[in-house]
Amino acid sequence: MSTTTTTRMQIDNDSSVEWLKLGPVMLALLFLQLPIFAQSPELLMPGKISTQYKERDMTITVDGNHLLYSVHSYDNAHRMIVEMKKNGSIWSDAEVSSFSGKYKDLEPMFAPSGKRLYFASDRPLFETDDTNDYNIWYVDKVKEGWGEPIPLDSLINTDGDEFYPSISNKGTLYFTATREGGKGKEDIFFSLYQNGRFQRPLSMDSAINTPIYEFNSFIDPDENYILFSSYGRSDGLGGGDIYISHKINDQWQPAINLGDQINSEKLDYCPFVSADAQVFYFTSNRKDKSEAGSVSELRRLMNNTQNGFDNIYHLPIKNVIINTRSTK
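Here the structure is a predicted model, which means the values were calculated and not measured. (Residues numbered from 1 in each chain as written. Predicted model: local features only at pLDDT ≥ 70, side-chain atom pairs only at ≥ 80, totals over all residues. Heavy atoms only, no water.)

We now examine the overall build of the protein. What the protein contains, in helices and strands, is three helices and 26 strands. Scored against the burial criterion, the 328 residues of the protein give a buried share of 49%. Considering only contacts within the protein whose residues lie at least 6 apart along the sequence, 51% involve residues at least 24 apart. Summing over all exposed atoms, the protein offers an accessible surface of approximately 16,000 Å²; the carbon and sulfur share of this is 50%. (Helix = DSSP H or I, 4+ residues; strand = E, 2+ residues; numbered from the N terminus. Buried < 20%, exposed > 50% of the residue type's maximum accessible area, 1.4 Å probe, protein only. Contact = heavy atoms within 4.5 Å. Areas by Shrake-Rupley, 256 points an atom, 1.4 Å probe, with all protein chains shown as cover.)

This is how it looks when you write it as structure tokens:
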């Protein structure tokens with residue numbers, strides 16, 4: 001999601017979208033494909049990952065033992081990717097990744113193999129690059145940790161911003177951008193991986209993209225469903241919600257809001273699902289709604305983990321229907 005998206009969303013708060021009216025049968029079919037959440041979202045490792053500071057957009061390896069996320073300063077002047085490793089049942093403290101810390105880096109995402117990590121960064125693409133826009137980069141795992149960051153080519157990275165990479169098992173790249181060929185103010189694009197390189201990106205169809213804001217998508221590795229955030233839809237709850245769309249007979253179905261058990265009146269975004277499809281993660285800047293009647297109470301709220309800055313949430317997913325073969 002771009003650094004200016006929140007401002008643009010506020011300006012366009014009165015935007016409206018006309019949605020397709022689904023027949024009762026199709027609507028029931030899509031509803032049955034929604035995740036059934038066993039409990040309300042909880043902070044991820046409160047005090048260790050989720051704190052009173054700004055933490056967001058996490059990814060974790062297939063074995064569940066290596067986790068990365070980004071930490072931001074209050075004014076977003078500093079953005080860095082940090083990582084933690086698990087030894088037995090104990091997680092290490094977060095440390096800045098070897099490739100991060102100098103530039104504004106965010107939105108790490110493992111490829112399904114776990115051997116390559118994609119991320120967004122404003123680092124220069126070449127020596128004389130002074131655009132300071134965000135582009136998509138990757139690093140490979142090496143014996144000592146991480147290799148050198150490598151940018152994707154100019155078919156993907158442009159003079160505009162490219163954000164939130166997500167990769168399928170086929171190697172298809174999904175990402176957020178505002179560029180020619182889009183349908184709205186910010187859209188989700190995809191790029192097929194063929195003959196050893198990414199192809200020219202295409203805007204996802206109108207089941208996903210609209211004239212407003214769609215951003216930060218997570219693609220199911222088998223491409224049976226996609227999770228993403230959108231702001232300004234008629235069924236939105238406030239600052240931006242997470243939606244899901246399933247692919248049936250190779251067609252993306254109209255996206256459905258995950259509802260108020262997941263979404264809030266604040267910004268909910270950066271979805272991620274564990275490789276075993278058991279845990280759903282996302283970022284939210286929802287906050288403690290307690291009243292403050294004194295200076296000490298106000299300071300307590302300000303130092304509270306849920307003080308309005310980004311945190312990472314998670315919850316187990318029970319009875320998730322992510323394999324749509326039964327509906328084909």
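Let us look at the pattern of salt bridges. In the structure shown here, the tally under the stated rule is ten salt bridges. In this structure, K48 engages D93 in a salt bridge whose closest nitrogen and oxygen atoms are separated by 2.9 Å. With K48 in the loop between β2 (42-43) and β3 (54-60) and D93 in the loop between β6 (90-91) and β7 (95-96), this pair connects stretches of sequence that are 45 residues apart. A residue is classified by how much of its surface remains accessible, and K48, at 33% relative accessible area, is partly exposed. The class of D93 is exposed, set by a relative accessible area of 57%. D268 is the partner of R286 in a salt bridge, and the nearest nitrogen-oxygen pair spans 2.6 Å. One end of the pair, R286, is in the loop between β25 (279-284) and α3 (295-302); the other, D268, is in strand β24 (residues 268-273), and 18 residues separate them in sequence. In this structure R286 comes out as buried when scored by relative accessible area, which is 15%. D268 sits in the buried class, given a relative accessible area of 0%. (Salt bridge = Lys/Arg side-chain N within 4 Å of Asp/Glu carboxyl O.)

Checked against the element boundaries, R79 lands in strand β5 (residues 79-87). Of the side chains with opposite charge, E107 lies nearest to the buried R79, which makes no salt bridge, at 6.7 Å. Of note is the side chain of R79, whose polar atom sits 3.0 Å from the side chain of H72. Within polar-contact distance, the side chain of R79 engages the side chain of Y134 at 3.2 Å. (Lys, Arg positive; Asp, Glu negative; His and termini not counted. Polar contact = N/O pair within 3.5 Å; in protein donor to acceptor, adjacent residues only side chain to side chain.)

Our next topic: the sheet that holds strand β18 (residues 202-203). An order of β13-β14-β15-β18 is seen for the four strands of this open sheet, with the pairing classed as antiparallel. Across the chains shown, the open sheet's two edge strands, defined by having one partner strand only, are β13 (162-167) and β18. Bridging between strand β14 (residues 173-177) and strand β15 (residues 187-191) involves five bridges; their strand directions are antiparallel. Each residue of the ladder has a partner; that of F175, found in β15, is F189. (Pairing = 2+ DSSP bridges.)

Pairing geometry for strand β4 (residues 66-72) and β5, over seven bridges, is antiparallel. Within the sheet, the bridge partner assigned to V71 lies in β5 and is M80. Hairpin geometry of β4 and β5 is characterised by an intervening segment of six residues between the two adjacent antiparallel strands and by a positive phi of about 65° at N76. Pairing geometry for β5 and β7, over two bridges, is antiparallel. Residue V82 lies in a different strand from β7, and its bridge partner there is V96. By the bridge criterion, two bridges tie β5 to β6 in an arrangement that is antiparallel. Following the sheet pairing, K86 is matched in β6 by W91. Connecting β5 to the antiparallel partner β6 that follows it, the hairpin turn spans two residues, and G88 within it adopts a positive phi of roughly 70°.

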